[in-house]
Amino acid sequence: MRKPLIILLAAFFATSVYASPNGGYTQHDWDSLVTLSTLTDAEAADNAIILLDTRILEYTPSSEEGDFFMYITRHKRIRVNNDNGVDEFNKVFVPIREDDEVITLKARSIAKDGTVKVLNEESIKNLENYEDYGSFALFAIEGVEKGGEIEYIYTIKRTAEIFGRETYQSNVKIKEANFTLITTDELKFGTYGYNGFPTGEFVKDGERYTLNIKVENMPALYEEEYSATDACKQRLAYKLIGRGGESTRLYTWNDAALRYLSTMYGYETDFDAANFIKGIKAHKLKTEEEKILAIEKYLKTNIAIKEESGPGLSDPSAIVARRYGNETGMTRIYAMCLNELGVRHQLVVTCNRNDNKFVAEFEDYYNLDEYLFYFPETKKYLSPSNINLRLGAAPSYLAGNNGLFVTVPYGFGQVREIQPMKYDENTVKLDAEILFDKNMEYVTVKKRQSWTGHTAYIYRFNFEYADDENKELFIRELMASGLDDAVIKSKTTVNDDIEANATATPLELNGEYTCGSLLENAGSSYILNVGDIIGPQSELYQDHERQTDISFPYPKEYLHHIYFTIPAGYTVKGLDDAKITKKLESKGETLASFTSTYTQKGNVVEINVHEFYAVADIPKEFYEGFRSVINAASDFQKVALVLEPNK
Amino acid sequence: MAKYLIAILFATLPVSIWAQDQALLTQFPKEDVVYLEMTEHLSISILDDSLNIKNMVKERAHYLTSNDLSLSRERIYYTSFSEIEDLSAFTEVPNGKRSKRVDVTDFQVKAATSGGVFFDDNKKMEFLFPGVMTGATTQMEYTEQIKDPRMLGLFFFNYFVPVLKAEYSVSFPAEVEVAYVLLGDNTDKIKFKESKLANGDKLYTWTAENLPKLKFEGNAPSRTYFDPHIILHITTATLAGKKEPILRNTDDLYAWYASLVEEINPEGDAELKAIVEEVIKGKTTEREKAVAIFKWVQDNINYIAFEDGMGGFIPRNAIDVCTKKYGDCKDMANLLSQMLRFGGLEAHITWIGTRSKPYTYEKVPTPIVDNHMITTLVLDGDTLFLDATGKYQTIDLPTDMIQGKEALIGIDKDHYVVKKVPVMPMEVNKVTDSIHLVINSSDLKGSGRAIWKGYPKVDAAYAYYKKDRSDDQRFVTALLTKGNNKFKTDNFTMNDPLDASLPLIIDYECTIPDFVKSVAGKYYIGLNMYKILNTQPIDKEKRTYSFEFDYKIDNNLVTEIDVPEGYQVEYLPTSATFKDELFGFSISYSQLGNKVKQTKRVYINTLMLEPSQFDNWNEFLAQLNKAYKETLVLTKKP
């Protein structure tokens, strides 16, 4: 998605920056003599250790064209300690863009005994137009062995780019990470470090300005449960902020806002919004909202969205004719239609919160790759690309992140939060009655389940688009998750039409199943595994220190009501285990909570569970409290009652 | 005005679309797309004394709804053995009662590296049919120029959506002879017709109509087992007056294979011999030598597949693979064979199809029959099948994916042997876990020993290989977890899971928190803490295909629990067994002094569960799941 913008901006840059005389580039090379590095015991136990990750960007004026080039150098050295480490690092892909010039590309391995094997240049292959990733130079490093090292270095000359991002952290520790940016007094760059990556100052050295950042011992960042791991990685963003002699800051949020305004609303196309609206008969509808919904329904059910760029894919008239387009093109159609309808709205540009945090203080244009529309009067959002959503909530992967809100038609840009839904708008409700077989061989569970908010949106989408077989599997998973021996006897869904995603109407699934494993034999008694009715619950461990903040797809609330009549001649025991309370509170607010209670009136037992997670993001300092709430649900799942014959 | 003109120009289909759609909707009420036509015509001719082979492909799809437009994105895959020519594609977009034709203009060639392969020269032509909507028909036609007469491919008569008409045909002159085999289910419904073209060439046509869409079922074998398809091969061709064998039988296939590998190791013998000497230093028996060499290749050569051009068929020079330290299956098979031979052993490179290819060399003497290469070792009169791509196999354990498959063993340039790889008996794949438990209020404290052998051991080794953290705790806990998800490994010792020569043995101490149900002076303990095959029965109404297992397995669990002081057994669960040749279980309970012991065995003694066995299987599951419900009850002594 971000490609079109980069191209747009690169073009802008090429014509607006004028060069000072030719500079050339600073050579960077590996050591001609090389020996194996020394590792600590802990490092030697990891699959691999990145010994060195050096990235150099050098901006240098081109003598002929009147603009700038950049030299991109990567130098990486890795110790591979075992098979996994070898497999992870012995293959190298170097992304090559059109018009790139590969200046150097070399690789070598250092065996345990110090033998160095340099890559044969003939072994470098070119993969052209690989999926949507562009082209690559790729090679396998020769002579790699466990306990040995891999080293490679390459420099690519590319048309200068005005912003970029370097992500360093991964699930492999880095002993030494370096970032160097070399520029002239003509081009001034700003940087921003995410998740603790440091920034630094440019130092003048003759004609050049150099920024050197060095990080030692950057820990491996592992996948954790309830975590947006990618968004937590240490990375650095850089961008052009000024030109020689001028004090105006370049590429501000307002600049971006104006650019988006013109590229979305001012795009030259044959597309006629008024005609289009008439064509789908939306003009006859009464309210603005009905009209927007009609347009949305038409576009989302008739036009395929492809994540690629190409001729016609972003042109509204071509899209409507061919019925496929990309996100930019679709956004243009909505923008033009909203303008035509005269609906007050704003364009929002943001990024997936699982990928990166959108910060206001640094204009990181890399974060501008997802579109939304916002309607200030109703506080509703419209996603042009998410085909399971309808006018209302912002997609959960965007909500809670900041976004650039662009006013229409003036193009003022403001960074603020995209409002997430509240937890009580994303509910999961369960009403389950347990009936005992007369021979006590199995139980029948009659379930009424309902969902609202994001859960309902996703499920409706699944119902709409899954084939019969997958739909059946999905329903089974919803009704009897974890009960592998359960047999579904009946099922009906209510309000499962995807257009209901524009409403707060709950999606319902009603039905029943029989299950033997819920009722176990204990001599003359029986064990009722009542907790299993809510399905498998995850158990969180604390075997490693929590690295990342807690992140959920969206705030959520569960309400379970489970009840049964005790079979004649039996008494129920062990009900006190069904009483659980755990809460995570901060500053007087409950962030997460699990409560289960029971009542027994005569021979009717009722159990009520209320569990909620009020926010989607919780700082890692609260992990222990959060864990106790999650594990309370897991404890509840283990609740088993004993049915004892009356004496 | 211009608009009208365009509409007239493109109105090519005067037939009533509605009538056709109504009929199709009645026939396929639940389908979004159907294929009206799916044809391939293989045209074999002789041009300048050589074979000229073209495969003409045509597909017409019709959209009954616009719910699923994924098929509108078309991809044509091809390799360096063929070229795509004369490609045309268009959509007939409904326009009132007529339709207008919109041509595809944007074709993109992309790299299409196959899964698991690092680099190959496979490509795909990708394009999107424009204007696809309810009532639209898309058509694609192209010609594939086939460069090698042995690589004619295969044709499936069914597809992801229903096919109204599928047709495969071949035309060939008198100088050419062909053979074919029809495979899969329902091939009797494929109509065969023999006729002649105007130029006298023979024309064979196979036609099938109204083919249901292909079905996906969990754990089913590859579609080649049941989907109707045809494999055709040219047996001989008379070129410049000389009758040339192409692929008449396995002899011809082998002759070709042998010619490809004739000069694969042109140099480096001395160097490789020196390495072998080093590897087998101090090893006296042939077995010791073989084990050492196999382990050396497994340890030192990393699997990376480069499959460009004939590189997909010809192994690279052994010494090169040895110094580069990487290779694909062929490279490893060749290096291993060469090294074993230099070690004084009898070894041969061997072609084999994995279990995804249900073919025999006799029935399918074409390159389609196999997809893998291994090394055959003759040791003490036994034939062993060494697959060095299996990093954690022993010399006695072929990879599970080639069990029961025919191996084409290359003895020398002119001789080969076809032999079957054995299916490993379940005794080889044995998992045992013996645990002693003590009640500690609501927790269970346990100490035990678990052992994995054969394929389960190999699986454990791969799981160990995959872990991203250096500590072993999570790995061990994941392997041992029983009772509930609070299971904790407190202490353990284990041998190196990556050492292929030994079973994996873990001695452990563990806690299973909140597992004991304690109510009114009684303890309730479900001793089936690890429920193998606690699954729902196979739905015979819905399941069509066999159910495939990776390997046979024999699970043995012994669980012993101390009856606490002051308690006695109130209910000792009843024992149960189900015995069948292919699968079964036994669970028995006994009480000895203050101990209760459960001995459990669950085994699967087949690789394939056929539909005819589903009833029995379901009965087995029903009895097993019933047995799993038994709970031990201990009560306070009066």
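Residues numbered from 1 in each chain as written. Chains lettered and ligands numbered in written order. Predicted model: local features only at pLDDT ≥ 70, side-chain atom pairs only at ≥ 80, totals over all residues. Heavy atoms only, no water.

Undergrad: Honestly, the sheet that holds strand β30 (residues 522–525) of chain B in this entry has me stumped. Any pointers?
TA: The strands that make up a sheet pair up through hydrogen bonds in the backbone, lying either parallel or antiparallel. Residues and elements named next belong to chain B. With antiparallel pairing, the four strands of this open sheet are ordered in space as β29-β30-β38-β33. Both outer strands of the open sheet, β29 (517–519) and β33 (567–571), are each paired with one neighbouring strand and no more. Along the sheet, successive strands turn relative to each other by an average axial angle of 25°, direction set aside. Looking at chain direction, β30 and strand β38 (residues 632–636) are connected through four bridges and run antiparallel. (Pairing = 2+ DSSP bridges. Helix = DSSP H or I, 4+ residues; strand = E, 2+ residues; numbered from the N terminus. Axes fitted to C-alpha atoms, helices over the stretch in contact; angles between N-to-C directions.)

Undergrad: Quick question: what am I supposed to make of the interface of chain A and chain B here?
TA: It is common to report an interface's size as the accessible area lost on association of the parts. On the chain B side, the residues contacting the 80 residues of chain A number 63 residues. When chain A packs against chain B, the two sides together hide about 6000 Å² of surface, and 47% of this comes from carbon and sulfur. At the junction of chain A and chain B, the tally comes to twelve salt bridges. Seen at the junction of chain A and chain B, the total is 32 residue pairs in polar contact (both at pLDDT 80 or more). (Contact = heavy atoms within 4.5 Å. Buried area = accessible area lost by both parts, 1.4 Å probe. Salt bridge = Lys/Arg side-chain N within 4 Å of Asp/Glu carboxyl O. Polar contact = N/O pair within 3.5 Å; in protein donor to acceptor, adjacent residues only side chain to side chain.)

Undergrad: I would appreciate a short explanation of unusual backbone geometry in the present structure.
TA: Only a minority of non-glycine residues have a phi that is not negative, and only a minority of peptide bonds are not trans. Look at the link from Val-408 of chain A to Pro-409 of chain A: it is a cis peptide, with omega at 15°. Even without being glycine, Asn-129 of chain A reaches a positive phi, approximately 50°. Positive phi, normally seen in glycine, also occurs at Ala-240 of chain B, with a value near 50°.

Undergrad: Mind showing me how you'd approach the side chain of Asn-631 of chain A here?
TA: Note that Asn-631 of chain A resides in helix α11 (residues 623–637). Apart from residues no more than four positions distant in its own chain, Asn-631 of chain A is found in contact with Ser-538, Glu-539 and Leu-540 of chain A together with Lys-486 of chain B.

Undergrad: Just checking my understanding: could you explain the packing of helix α4 (residues 269–279) of chain B against helix α5 (residues 286–300) of chain B for this structure?
TA: The axes of two packed helices give the description: the angle between them and the distance between them. Residue and element names in this part refer to chain B. Here α4 crosses α5 at 115°, and the two axes come no closer than 9 Å. As α4 runs across α5, the sense of the crossing is right-handed. Touching Ile-275, Val-276 and Val-279 of α4 are Ala-292, Ile-293 and Trp-296, all from α5. Here the residues of the contact of α4 with α5 are counted per class, giving six nonpolar, no polar and no charged. (Left-handed = near helix turned anticlockwise from the far one by under 90°. Nonpolar A, V, L, I, M, F, W, Y, C, P; charged D, E, K, R; others polar.)

Undergrad: Is there a simple way to think about the pattern of salt bridges in this case?
TA: It is possible for side chains bearing opposite charge to pair when their charged atoms get close. Applying the stated criterion across every chain, the model contains 75 salt bridges over all chains. Put simply, Glu-520 of chain A and Lys-531 of chain B hold a salt bridge, and the shortest N to O gap is 3.2 Å. Of this pair, Glu-520 of chain A sits in strand β26 (residues 519–522) while Lys-531 of chain B is found in the loop between β30 and β31 (547–548), placing the two residues in two different chains. For Glu-520 of chain A, a relative accessible area of 10% translates into the label buried. On the basis of relative accessible area, Lys-531 of chain B is assigned to the partly exposed category, the value being 29%. Notably, a salt bridge pairs Lys-486 of chain B with Asp-635 of chain A, separated by 2.4 Å at the nearest N-O pair. Highlighted residues: Lys-486 of chain B in the loop between α9 (473–480) and β27 (488–494) and Asp-635 of chain A in helix α11, drawn from two different chains. (Buried < 20%, exposed > 50% of the residue type's maximum accessible area, 1.4 Å probe, protein only.)

Undergrad: Sorry if this is basic, but what is going on with the packing of α4 of chain B against helix α7 (residues 329–342) of chain B here?
TA: Residues and elements named next belong to chain B. The contact between α4 and α7 brings their axes to 9 Å, and the two run at 70°. As the angle between them shows, α4 and α7 are arranged roughly perpendicular. Across the interface between the two elements, Asp-269, Leu-272, Lys-273, Ile-275, Val-276 and Val-279 of α4 pack against Leu-335, Gln-338, Met-339 and Phe-342 of α7. Per-class residue counts for the contact of α4 with α7 are seven nonpolar, one polar and two charged. (Parallel < 35°, antiparallel > 145°, perpendicular 65-115°, else oblique.)

Undergrad: Hey, could you run me through the side chain of Thr-138 of chain B in this one?
TA: Residues and elements named next belong to chain B. Mapping Thr-138 onto the fold places it in strand β9 (residues 137–146). When its relative accessible area of 3% is taken as the criterion, Thr-138 is described as buried. Once residues lying within four places of it in the same chain are set aside, the contact partners of Thr-138 are Glu-59, Arg-60, Ala-61, Tyr-63, Phe-90, Thr-91, Phe-129 and Val-132.

Undergrad: What am I meant to see in the domain arrangement of chain B here?
TA: Residues and elements named next belong to chain B. By the assigned domains, chain B splits into domain 1 (2–245), domain 2 (256–422) and domain 3 (427–636). A straight line from the C-alpha centre of domain 1 to that of domain 3 covers 50 Å. Facing the nine residues of domain 1 at the interface are eight residues of domain 3. For the pair domain 1 and domain 3, the two sides together bury roughly 780 Å², of which 50% comes from carbon and sulfur. Along the contact surface separating domain 1 from domain 3 lie one salt bridge. (Domains from an automatic or database assignment.)

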